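# Remarks on the overall topology
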Amino acid sequence: MELKLNELSDKNNLNSHHGEHIILRLTYVSRYNTENSNIEVARILEQAQRNNERNGITGALVINENYFLQVIEGARPVINNLLKKLIEDKRHFSLQIIECREIEERYWNKWSMKYLTANDQNKEYVMKYSASNEFNPYLMSTSQITMFIDKLSKLQERQEKRESKMKKS
Ligand SMILES: Cc1cc2nc3c(=O)[nH]c(=O)nc-3n(C[C@H](O)[C@H](O)[C@H](O)COP(=O)(O)O)c2cc1C
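Residues numbered from 1 in each chain as written. Predicted model: local features only at pLDDT ≥ 70, side-chain atom pairs only at ≥ 80, totals over all residues.

### Some remarks on the site of the ligand
Lining the immediate environment of the ligand, one finds 16 residues, of which Ala-48, Asn-51, Phe-68, Asp-89 and Arg-91 sit closest. Contributing elements (two or more residues each) for the shell around the ligand: α2 (38–55), β3 (67–75) and α3 (76–88). Of the residues forming the shell around the ligand, the biggest block, 5 residues, is contributed by α2. When its residues are assigned to classes, the shell around the ligand shows 8 nonpolar, 5 polar and 3 charged. (Near = placed C-beta within 6 Å. Helix = DSSP H or I, 4+ residues; strand = E, 2+ residues; numbered from the N terminus. Nonpolar A, V, L, I, M, F, W, Y, C, P; charged D, E, K, R; others polar.)

In structure tokens, the structure reads:
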């Protein structure tokens, strides 16, 4: 038992040395590779959800026909590892970090990767938070992007509630 406790404390030391206790939220935008099929997008999401559950990552992924917008939250070394993989991933390109900051609490703590779409149905919100006539997250400020993802998520939840109510009645 004593040995196990020692091992545990060694592990904790190692983790704190690596910054496991520090939680980062990283938001980025990237260009959608148009060669991606819908199947590929479904695969990305499935892979993200599976890996993130294992790695203690939470977040949201916004997809439209041109761009990806993603928020990932997790331990600092884990987020850094994923960032390397994301930069090398050929399924998207021109990755730009919008924000990376240390957080006290996770915002997306219920989702290993929440899936959101920016499309005609939520165009009103898309335009409200856009800096130009078309949705282009590369032209949006950090706060516009953060508000946009949040609004999109709330809108989707409202829609889901409405749909489930309609199903019940
Ligand atoms: C837009 C986009 C979002 C992604 N999001 C995640 C993610 O949240 N978590 C993850 O593990 N991989 C994500 N990936 C996949 C990674 O780039 C990489 O392929 C994967 O982590 C490798 O997993 P493996 O080491 O298990 O093979 C994403 C890829 C793309 C193109």
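### Things to note about helix α5 (residues 142–168)
Compared with an ideal rise of 1.5 Å per residue, which puts 27 residues at 39 Å, α5 spans 39 Å between its outermost C-alpha atoms and is within 8% of the ideal. Residues of α5 that are buried: Ile-145, Phe-148, Ile-149 and Leu-152. Against β1 (23–32), β2 (58–63), β3, β4 (92–102), β5 (114–117) and α4 (123–128) lie the buried residues of α5. (Expected span 1.5 Å × (residues − 1). Buried ≥ 20, exposed ≤ 12 C-beta atoms within 10 Å, placed from the backbone. Contact = placed C-beta atoms within 7 Å.)

### Focus: the pairing of β1
If a strand is regular, its side chains alternate between the two faces of the sheet. Taken across its 10 residues, β1 has 7 buried, putting it largely inside the fold. As defined by bridge partners, β1 adjoins β3 across 9 bridges and the pair is classed as antiparallel. Of the residues in β3, the one forming a bridge with Thr-27 is Val-71. (Pairing = 2+ DSSP bridges.)

### As for unusual backbone geometry
Even without being glycine, Ser-94 reaches a positive phi, approximately 50 degrees. Mapped onto the fold, Ser-94 is located in strand β4. A tally of 9 C-beta atoms within 10 Å means that Ser-94 is categorised as exposed.

### Thoughts on the nonpolar core
Ala-60, Leu-61, Val-62, Leu-69, Ile-72 and Ile-149 are the most contacted members of the largest nonpolar core, which totals 25 residues. At the level of secondary structure, the elements contributing two or more residues to this core comprise β1, β2, β3, α3 and α5. Aside from chain neighbours lying at most four places away, what touches Ala-60 is Val-71, Trp-108, Trp-111, Met-113, Lys-114, Leu-116, Ile-149 and Ser-153. (Core = buried A, V, L, I, M, F, W, Y, C linked by C-beta atoms within 7 Å.)

### A closer look at the confidence of the model for the chain
Summing up the model confidence of the chain, the mean pLDDT is 86 and the portion of residues at 70 or higher is 88%. Counting contacts from residues 5–14, a segment whose pLDDT is below 50, to residues more than four positions away or on other chains yields 0 contacts. (pLDDT = per-residue confidence, 0-100.)

### Details of the sheet that holds β1
Pairing in this open sheet of 5 strands is mixed, and the strands run β4-β1-β3-β2-β5 from one edge to the other. Of all strands in the sheet, those with a lone pairing partner are β4 and β5, marking the two edges. Mean inter-strand twist for the sheet, computed between neighbouring axes without regard to direction, equals 15 degrees. One ladder, built from 6 bridges, connects β2 with β3; its direction is antiparallel. Among the inter-strand pairings, Ile-63 is bridged to a residue of β3, identified as Phe-68. Against the sheet, α2 touches β2, β3 and β5, its axis set at about 170 degrees to β2. (Axes fitted to C-alpha atoms, helices over the stretch in contact; angles between N-to-C directions.)

### Some thoughts on the pairing of β2
With respect to burial, β2 is a largely interior element, 5 of its 6 residues being buried. The loop that links β2 with its antiparallel partner β3 comprises 3 residues.

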